[in-house]
Amino acid sequence: METILVTGSNGFLGEEVINSLCDGYNVLALDKNDQVFFSSNANITKLKNNINELSKLEDIFQNRKIDIVIHCAAEILDAEDSNEVWKTNYHGTKNLLDLSEKYDVKKFIFTSTFSIFEKSYISSIDENELPSAIVDYGKSKYAAENLILRHSYNNDVVIFRCPVIIGKKRLDKLCLLFEMVHKNISLWLIGSGMNKIHFIYSSDLISAIKLSMRLRGKHLFNIGSDNVKSLNVVFQKLIDHAKSNTKIRKIPQLFGIFCINLAFLLKIVSLGPYHQRMLVSNLVLNTDRIKKKLNWAPKYSNEDMLMECYDHYISTIGQAKDVSSSKKIPNLKILKILRFLDKFI
C-alpha cells in the first residue's frame, strides 16, 4: 500500500482529502496544530509538525517511505503577518520539495489558488495568464508554483490552481450567507451583481486529485465548475431552493466597498481588501486543459454546491463546530445591522 503525506490536514480541504484516501493508502496527516478527528482512523497516522521546521520535517521523510505528497498547507489569506505568509507558502513548500527530491518521492501535488489574479477579467483566464496579485497570499502562492515547476525535483508534479473551494465544513465565509438566507435578511450585492466568480466543490477537486495520481510529468491545471453564472443568478437560486423570503438588493459599487471596508476596520466582518475586490470582479478560470488531459469534469455547478452546503448547514444548526481557521463560525454582528436596515426598506 502506498504512503501519502497530506499537509494542512487540519484544514477543511486537507481533512476531506484524507477521508477520501484513507481506505486505499497509508496516510500521514501533517499539521502544525493538534489534529482533528477523521471519519475513519484506519490507515491514518497523525503528525504534528510545522513545514517550516526543516530538521523535524526531514525526520518524517527519513523514517517513512513516502510515495506521494499532497501539499494543502498554507498561511491563509487573512493572515496579518506577511513574513509568516512567505515563510509557510513559499519556504515551507521549498522544504517539502527539497525533501521530496532527496528521498525520491514519486509525485508532488500542490493546491494553488486563483488569488494570484486580483483584477476583473473580460474572458476566462487560462494557465498562461500572467498574475495580477496584490496581496502577499497570491504573490507567495504564485512564487511557489514557479518554484515547483523549475525545481530540480524530476519526478511527477501536478499543480491545481483552485478558485473558491466550497465544502460542507467551510464556514468561514458561507455561514454569513446562509444565515442571511435562513433568517430572511436582505442580501446586498455590490454593483449590478452580474459579475461571475468561479467556485469548485471539494469533492470535484478531490476527484481530480485522484485522477492525477498516475499522471506522468509536470502539469499546471486550472480547475473549477462549469457554466458559471452571475452572483445575482446563483444567489437567487439558493434563495429559491431554501424557500426563503430574502430579497437581493443592489448597492452602488463605490459606496458598497466603502461600507464593507468600514465594517472590516471595525471588525464587524472579515472581508478584507482582497475579498472586497473579488466581490466586484469577474474571475473565471478556463478549464479546457484539465478536462482534456485528465478526462475530468465537475459534477457540481456553483449553485448546486451552495444548495447542498446550505442544506447541510441547516441540518447541523446547534451542533458543535470545528475551530480551525476555515471551519469556525465567523463574526455575525453584521446580521443585526442588516436586519435593522430591513425595517426601513
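About the thresholds
- Residues numbered from 1 in each chain as written.
- Predicted model: local features only at pLDDT ≥ 70, side-chain atom pairs only at ≥ 80, totals over all residues.
- Heavy atoms only, no water.
- Disulfide = S-S within 2.5 Å.
- Buried < 20%, exposed > 50% of the residue type's maximum accessible area, 1.4 Å probe, protein only.
- Helix = DSSP H or I, 4+ residues; strand = E, 2+ residues; numbered from the N terminus.
- Polar contact = N/O pair within 3.5 Å; in protein donor to acceptor, adjacent residues only side chain to side chain.
- Contact = heavy atoms within 4.5 Å.
- Pairing = 2+ DSSP bridges.
- Axes fitted to C-alpha atoms, helices over the stretch in contact; angles between N-to-C directions.
- Salt bridge = Lys/Arg side-chain N within 4 Å of Asp/Glu carboxyl O.

Side note on the state of the cysteines
Reasoning step 1: Applying the stated criterion across every chain yields a total of zero disulfides.
Reasoning step 2: Left unpaired, cysteine 72 is separated from the closest cysteine sulfur, that of cysteine 162, by 8.6 Å.
Reasoning step 3: The class for cysteine 72 is buried, based on a relative accessible area of 14%.
Reasoning step 4: Cysteine 309 provides the cysteine sulfur closest to cysteine 175, a residue in no disulfide bond, and the two sulfurs are 12 Å apart.

Observations concerning the side chain of glutamate 179
Reasoning step 1: Its place among the elements puts glutamate 179 in helix α5 (residues 174–182).
Reasoning step 2: Its relative accessible area of 7% is what places glutamate 179 among the buried residues.
Reasoning step 3: Side chain to side chain, glutamate 179 and lysine 183 meet in a polar contact 2.9 Å long.
Reasoning step 4: Within polar-contact distance, the side chain of glutamate 179 engages the side chain of tyrosine 313 at 2.4 Å.
Reasoning step 5: Dropping the residues within four chain positions of it, glutamate 179 is found in contact with Tyr313, Leu332 and Leu335.

With respect to the pairing of strand β5 (residues 107–113)
Reasoning step 1: Of all seven residues making up β5, seven are buried, and the element is well covered by its neighbours.
Reasoning step 2: Side chains of β5 alternate between two faces, with Lys107, Ile109, Thr111 and Thr113 and Phe108, Phe110 and Ser112 buried alike.
Reasoning step 3: Here β5 pairs with strand β6 (residues 156–162) via seven bridges, running parallel. By the bridge assignment, phenylalanine 110 is partnered in β6 with isoleucine 159.

Concerning the sheet that holds strand β3 (residues 44–48)
Reasoning step 1: Strand order in this open sheet of seven strands is β3-β2-β1-β4-β5-β6-β10, and the pairing throughout is parallel. On the outer flanks of this sheet lie β3 and β10 (218–222), each paired with one strand and no other. Direction aside, the axes of adjacent strands within the sheet are offset by 15° on average.
Reasoning step 2: As judged from the five bridges shared by strand β2 (residues 26–31) and β3, these two strands associate in the parallel manner. Pairing of alanine 29 across the sheet is with lysine 46, part of β3.
Reasoning step 3: Contacting β1 (3–7), β2, β3 and β4 (68–71), helix α2 (residues 54–63) crosses the sheet at an angle of about 175° to β2.
Reasoning step 4: Of the strands in this sheet, β1, β4 and β5 touch helix α3 (residues 82–102), which is tilted by about 165° from β5.

A word on the pattern of salt bridges
Reasoning step 1: Taken as a whole and judged by the stated rule, the model has 17 salt bridges.
Reasoning step 2: A salt bridge links glutamate 2 to lysine 106; its shortest N-O distance comes to 3.1 Å. You can see glutamate 2 sitting in the segment before β1 and its partner lysine 106 sitting in the loop between α3 and β5, a full 104 residues away along the chain.
Reasoning step 3: With relative accessibility at 19%, the residue glutamate 2 sits in the buried group.
Reasoning step 4: Given the relative accessible area of 44%, lysine 106 is considered partly exposed.
Reasoning step 5: Measuring nitrogen to oxygen at the nearest pair gives 3.9 Å for the salt bridge that ties aspartate 156 to lysine 107. In this pair, aspartate 156 is assigned in strand β6 and lysine 107 in strand β5, connecting sequence segments 49 residues apart.
Reasoning step 6: Note on aspartate 156: relative accessible area 10%, which makes it buried.
Reasoning step 7: Ionic contacts of the salt-bridge type, sharing partners, join the residues Glu2, Asp67, Lys106 and Arg214 into one network.

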